[in-house]
Structures are given as C-alpha cells and as structure tokens.
Amino acid sequence: MNEKELKKLKNLAEQGDKDAIIELGKFYSTESCSEEIFYWVMKAAEQGLPEAQYAIGDYYAVDLDTSEDWDEYGTGENWKEAFRWYLKAAEQGYPLAQNDVAECLASGTGVEQNKEEALKWFIKSAKNGCVAAQLTLGIAYEGGDDYIQVEYNPTEAAKWYRMAADQGDVSSQYNLGCLYLTGNGVEQDYDQAFKFFSLALDKEPTFYAAMCNLGYCYEMGYGTSQNMQKANELYLEAAEHGDTTAAFNIAESYELGKGMEKDLDKAIKWYRVAAEDGDEEAKEKLSDLT
C-alpha cells in the first residue's frame, strides 16, 4: 500500500467506515507497534478481525501498550489481557492464536494452567497448519517434552513432524529423519532419513546435528553411496561448531584411519572435546589412549 492509498484509508477509517477500519487494522497488524498503530489495530480487533485480535494479544504480551518505547520487549505483566485477545482470535479459527492459547494454557501464563485444554488447542492449531503446534505435538508424542501430557506414541509424533516438515520446518525435518534412521514410529527407511537430514541442512546450513547425522549416512552408505571422506568433512565441521557426537565420530576416524590417515594426537584432541561435553564413551577412549 502506497502513502496515498494509506492516507485515503485512514480518512475513511476516521469517518467510521468499518471496512476501512478492518483493512487498516489488517495492514498495521504485521507492523512494529506504535501508539497510532495500536489504536487502529485495536479498532479492527474490536470489529472482530482475527489478525488484529492476535496482534493485540502480542502487544499486551510484551507490554507494548504501556511502554514508552514501542519496540522494547516488556515484562509481560499484561498476559491476562493478552490471553483474552488470543482466545478471541483462536475461537475464530486463527491458527497462530490457537497455538498461543495452547502455550498459555500449558504454562499457566495469563490463565490457570490446564494441560488437557492446552492439548485440544495445540491439535486445533496444528490441524489448521500452524508449524509451531505441529512441532510441539511431535516432540510431546515422541516423549521429549512434558510441556503437554500425552502418552508416548512415536507413530503419532511422525505424523505431526511430517506435517511441519512438509512446510519446511527444519527441526521437524531433522526429527523425522531421526525416526526414519532408527525405524522408531515409522518403517525404517534410510533413503527418507538421508532426504530429511539433507533438507534440514540445505535450509539451515548451521544445523550441526543434521550435519553430523548426514555424515553418518555417508559413512554407512544409508540413502546414498558410501563416502567416508565426505562423512569426515561433515563430522569435522560439525565438531568444530560444538556437536558432541560429531567430535566423537571424527576422533574415531582419526584413531582408526577411517577415510584418512591415522592421527592419534588429533583423535585424542577430539575425544577430549567429546568427553568434556559429557560423552562417556569418549572418556573411556581417552583412558585407553592416554
């Protein structure tokens, strides 16, 4: 929207035109907040626009309605009001608001904690396409999070991860790759594991856990031709950026000469890195080699 169109829309909104108020609120609802923007987004929210209601919830959540600096993250003292506006938008089927309602209920933020109700809202949000909700459900069903209480069900976890992975969520792509690698909740499929680790790393080149697992696929020939040199390249880069498993793997390659010349000094160096990160097997290796 150009400046002339925005001015015309404001004039109509100031005259009480409901359609103009809603359009102005929709336009401003994705903008950084200011006193004027808060005013018009609130007007649109009061007219029932879910995008605006959700934005108002966010403004209250970060105290932007009272802060002197409208871009400063606040203390969250207005979470009850935030929840009220999130709920208004959620009840109209707005997926992001449904997820935030679920988050509030799960944590007891701005509302009495109710994990059973939280689960219902996470499912609604996830079914409506919210990636964050899909990932939350996947993690919960895989047993990695007690944020919401569900029974361990890796098959259900895989279902939700896939929904988020298909929308490009790298964490879900990685998690789904891990399930395919181990056959947990899905039929073991190395091609799919390699595919999803690759997708995650392509989208986020600094996703070092995915890099390490992709290296493992190259080492074992899972979903791709076996290539120990490529595996070591990936292990080394991931290890240099703090991945413990990669540090152990590259140490083992140096120790045994897998795809490279043996180098016990470098092996000890990387075993020590892994051991300092708490890897018990690396501690045993250090004890044997030093």
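Computed from a prediction, not measured in an experiment: that's the story for all the values here. (Residues numbered from 1 in each chain as written. Predicted model: local features only at pLDDT ≥ 70, side-chain atom pairs only at ≥ 80, totals over all residues. Heavy atoms only, no water.)

**Q** I would appreciate a short explanation of the confidence of the model for the protein in the present structure.
**A** Low-confidence regions, as indicated by low pLDDT, have predicted coordinates that should not be scrutinised in detail. Here the protein shows a mean pLDDT of 89. Residues at 70 or above account for 86%. The low-confidence segment residues 64–75 (pLDDT under 50) makes 24 contacts with residues lying over four places distant or belonging to another chain. (pLDDT = per-residue confidence, 0-100. Contact = heavy atoms within 4.5 Å.)

**Q** Help me understand the packing of helix 5 (residues 79–90) against helix 6 (residues 95–107), please; the structure alone is not making it clear to me.
**A** The geometry of a pair of packed helices is captured by two quantities: the angle between their axes and the separation between those axes. At their nearest, the axes of helix 5 and helix 6 sit 8 Å apart, and the two run at 140° to each other. Classified by the interaxial angle, the pair formed by helix 5 and helix 6 is oblique. Here helix 5 and helix 6 pass one another in a crossing that is left-handed. Touching Trp79, Phe83, Tyr86, Leu87, Ala89 and Ala90 of helix 5 are Ala97, Gln98, Asp100, Val101, Cys104 and Leu105, all from helix 6. Looking at the contact of helix 5 with helix 6, its residues break down into 10 nonpolar, one polar and one charged. (Axes fitted to C-alpha atoms, helices over the stretch in contact; angles between N-to-C directions. Helix = DSSP H or I, 4+ residues; strand = E, 2+ residues; numbered from the N terminus. Parallel < 35°, antiparallel > 145°, perpendicular 65-115°, else oblique. Left-handed = near helix turned anticlockwise from the far one by under 90°. Nonpolar A, V, L, I, M, F, W, Y, C, P; charged D, E, K, R; others polar.)

**Q** Where do I start with the packing of helix 13 (residues 228–240) against helix 14 (residues 244–256) in this structure?
**A** Contact geometry for helix 13 and helix 14: axes closest at 8 Å, N-to-C directions at 135°. One finds that helix 13 runs oblique with respect to helix 14. Our pair here, helix 13 against helix 14, has a crossing hand that is left-handed. Mapping the contact onto sequence places Met228, Asn232, Tyr235, Leu236, Ala238 and Ala239 in helix 13 and Ala246, Ala247, Asn249, Ile250, Ser253 and Tyr254 in helix 14. For the contact of helix 13 with helix 14, the per-class residue count stands at nine nonpolar, three polar and no charged.

**Q** Would you take a moment to explain helix 5 for this structure?
**A** At 3.6 residues per turn, the α-helix brings residues three or four places apart onto the same side. Given a rise of 1.5 Å per residue, 12 residues ought to cover 16 Å, and the 16 Å separating the end C-alpha atoms of helix 5 matches this to within 8%. Here helix 5 has its buried residues at Ala82, Phe83, Trp85, Tyr86, Ala89 and Ala90. Contacts from the buried residues of helix 5 go to helix 3 (35–46), helix 4 (50–61), helix 6 and helix 7 (115–127). (Expected span 1.5 Å × (residues − 1). Buried < 20%, exposed > 50% of the residue type's maximum accessible area, 1.4 Å probe, protein only.)

**Q** What exactly am I supposed to notice about the nonpolar core here?
**A** Ile56, Phe122, Leu137, Ile148 and Phe197 are the most contacted members of the largest nonpolar core, which has 86 residues in total. Here Ile56 is in contact with Phe38, Val41, Met42, Ala45 and Trp85, once residues within four sequence places are set aside. (Core = buried A, V, L, I, M, F, W, Y, C linked by side-chain atoms within 4.5 Å.)

**Q** Would you take a moment to explain the packing of aromatic side chains for this structure?
**A** Think of a pair of aromatic rings as described by two things: how far the centres are apart, and how the planes are tilted against each other in angle. Scanning the model with the defined rule gives 12 aromatic pairs in all. With a centroid separation of 5.1 Å and 40° between ring planes, the pair formed by Tyr174 and Phe207 is classed as tilted. Residue Tyr174 is found in helix 10 (residues 170–182), and its partner Phe207 is found in the loop between helix 11 (190–203) and helix 12 (208–220); the two are separated by 33 residues along the sequence. Side by side, Tyr174 and Phe207 carry an identical accessibility label, which is buried. An aromatic cluster of three or more residues is present, and its members are Tyr54, Trp79, Tyr86 and Tyr94. The residue whose ring lies beneath Lys88 is Trp85, and the NZ or CZ to ring-centre distance is 5.5 Å. Residue placement shows Lys124 over the ring face of Trp121; its charged tip is 4.2 Å from the ring centre. (Phe/Tyr/Trp six-rings, centres within 6.5 Å; stacked < 30°, edge-to-face > 60°. Lys NZ or Arg CZ within 6 Å of the ring centre and 35° of its normal.)

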